[in-house]
Amino acid sequence: MFDLFDLLRLLVSAFFILPIVSIIRESGYYIVATLLGAKNKHIYVGAGPVLFRLPSIEIRRYFFMTSWITYDEIQKDHKFWHILIYASPMLSNIIVAAIINFLLGAELLGGEIFWNTFLFYSFYFVLFDALPVYQPDGQPTNGRAIYDVIRHNHWHTSERSYDDPNHPAARTKEQEETIKNRDRDVERRDDG
């Protein structure tokens, strides 16, 4: 039965735990991109108007909704390093979750309900990030990006689009199909 305590847990999860898990996720990108020589790294948390900015992070009004990172191209442009970048958000969540889990098991942390909820969302992010699919906007999950690097020697970038279909950062055929399907669905809804 859903009671007042569950409502409080939901609010803490949505407005506190999810943003923290998002920042940990994006920090994985940030750390690996830094190690690989990327410049102009910036983490964005949320959507809508900007609440505040720090030198490398921007928090927006709807901070519990989304997160992403931008950076210039990495210095070591090789498929292994792209795989590492795509795996980094999953690895950062797994590492932090493993540490929290160890501390809970050793009874060094209190607030078990909070930390169990934190662990749930950490692994939730990892699970859905690992699925090898394209999102409706054509952007790949990290699992799909890793697959594309391994299978097709292709890596994704949000900064550029390439007309040359043979360029490693050009869209894949499957990605183009996902975008076409999304556009077709939007047209049907608008016509409907």
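Calculation notes
- Residue numbers here run from 1 along each chain, matching the order of that chain's written sequence.
- The predicted origin of the model limits local features to residues at a pLDDT of at least 70 and limits the giving and counting of side-chain atom pairs to 80 or more, whereas totals for whole chains, interfaces and linings rest on all residues.
- In computing side-chain properties, one takes all heavy atoms of the structure into account and sets aside hydrogens as well as water.
- Salt bridges are counted wherever a side-chain nitrogen of Lys or Arg sits within 4 Å of a carboxyl oxygen of Asp or Glu.
- Secondary structure elements are defined from DSSP: runs of H or I of at least 4 residues count as helices, runs of E of at least 2 residues count as strands, and each element is numbered from the N terminus.
- Three exposure classes are used, based on accessible area relative to the maximum for each residue type with a 1.4 Å probe and protein chains only: buried under 20%, partly exposed in between, and exposed over 50%.
- UniProt positions are given in the numbering used here, feature names are shortened, and annotations may be inferred rather than shown by experiment.
- An expected span of 1.5 Å times one less than the residue number is assigned to each helix.
- One fitted axis covers the seven residues ending at a residue, a second covers the seven starting there, and the bend at that residue is the angle between these axes.
- As used in this structure description, the phrase polar contact means that two N or O atoms lie within 3.5 Å; if the pair is within protein, one of them must be able to donate a hydrogen and the other to accept it, and residues adjacent in sequence are counted only when both atoms belong to side chains.
- Nonpolar side chains (Val, Leu, Ile, Met, Phe, Trp, Tyr) are joined into patches within 5 Å and like charges within 9 Å, using only residues with over 30% relative accessible area and no salt bridge.
- Only the protein chains shown count as cover for residues, with accessible areas throughout obtained via the Shrake-Rupley method and a probe of 1.4 Å.
- Here, the term nonpolar core denotes a set of buried Ala, Val, Leu, Ile, Met, Phe, Trp, Tyr and Cys residues that are joined through side-chain atoms within 4.5 Å.
- Note on contacts: a residue pair is in contact if any heavy atoms of the two residues lie within 4.5 Å.
- In this description, a line fitted to the C-alpha atoms serves as the axis of each element, helices being fitted only across the stretch in contact, and the angle between N-to-C directions of two axes falls anywhere from 0 to 180 degrees.
- Throughout this description, any angle smaller than 35 degrees is read as roughly parallel, any larger than 145 degrees as roughly antiparallel, any in the 65 to 115 degree range as roughly perpendicular, and the remainder as oblique.
- Less than a right angle of anticlockwise turn of the near helix away from the far helix marks a crossing as left-handed, whereas a clockwise turn marks it as right-handed.

Trainee: Provide a residue-level description of the pattern of salt bridges, including the pertinent values.
Mentor: Overall, the coordinates contain 5 salt bridges when judged by the stated rule. The partner of R25 in a salt bridge is E26, and the shortest N-O contact between them spans 2.6 Å. The closest approach of N and O atoms between D129 and R25, which form a salt bridge, is 3.0 Å. Pair noted here: D129 is in helix α3 (residues 112–130) and R25 is in helix α1 (residues 4–35), with a separation of 104 residues, a long-range link. The pair formed by D129 and R25 is uniform in burial state, with each residue classed as buried. Shared partners join several salt bridges into a network, and the residues in it are R25, E26 and D129.

Trainee: Got a sec to walk through the UniProt feature "transmembrane region" (unreviewed entry) in the protein? Specific residues and values, please.
Mentor: Under the local residue numbering, the UniProt record ascribes the feature "transmembrane region" (unreviewed entry) to residues 7–24, 83–106 and 118–134. Spanning residues 7–24, this segment combines 100% helix with 0% strand, and its end C-alpha atoms are found 25 Å apart. With 96% helix and 0% strand, residues 83–106 has its two end C-alpha atoms placed 34 Å apart.

Trainee: How would you sum up α1? Please name residues and give values.
Mentor: Between its first and last C-alpha, α1 extends 45 Å over 32 residues, near the 46 Å set by a 1.5 Å rise per residue. A bend of about 40 degrees at S13 is the largest found in α1. Capping the start of α1 is the job of one residue whose side-chain oxygen sits 3.1 Å from the backbone nitrogen of F5: D3. Where α1 ends, the next residue or the one after it, G37, has phi of about 85 degrees, a positive value.

Trainee: Give me a nonpolar patch on the surface: which residues, what numbers.
Mentor: A cluster of nonpolar side chains, namely F2, L4, L7, L10, L11 and F15, defines an oily patch on the protein surface of about 610 Å² accessible area. One can find L4 in helix α1.

Trainee: For the nonpolar core, give the residues involved together with the corresponding values.
Mentor: Core analysis: the largest hydrophobic core is formed by 12 residues, namely Y29, V32, A33, L36, A38, I43, V45, I57, I59, I69, I74 and I85. At the level of elements, α1, β1 (42–53) and β2 (57–70) are the ones that each hand at least two residues to this core. In contact with I43, not counting residues within four places along its chain, are E26, S27, Y30, S56, I57, E58, W68 and I69. Counting 11 residues, the second largest nonpolar core, distinct from the first, contains I17, A97, L104 and Y121.

Trainee: Residues and numbers for the packing of α1 against α3, please.
Mentor: Two elements in contact, α1 and α3, have axes separated by 9 Å at closest approach and are oriented at 50 degrees. Put simply, α1 runs oblique to α3. The hand of the α1/α3 crossing is right-handed. Counting all contacts with α1, which are made through F5, R9, V12, S13, F16, I17, L18, I20, V21, S22, I24 and R25, the residues of α3 involved are I113, F114, T117, F118, Y121, S122, F125 and D129.

Trainee: Residue-level account of the side chain of N93, with values.
Mentor: One can find N93 in helix α2 (residues 79–105). Setting aside residues up to four positions removed in sequence, N93 forms contacts with V21, I24, R25, S122, F125 and V126.

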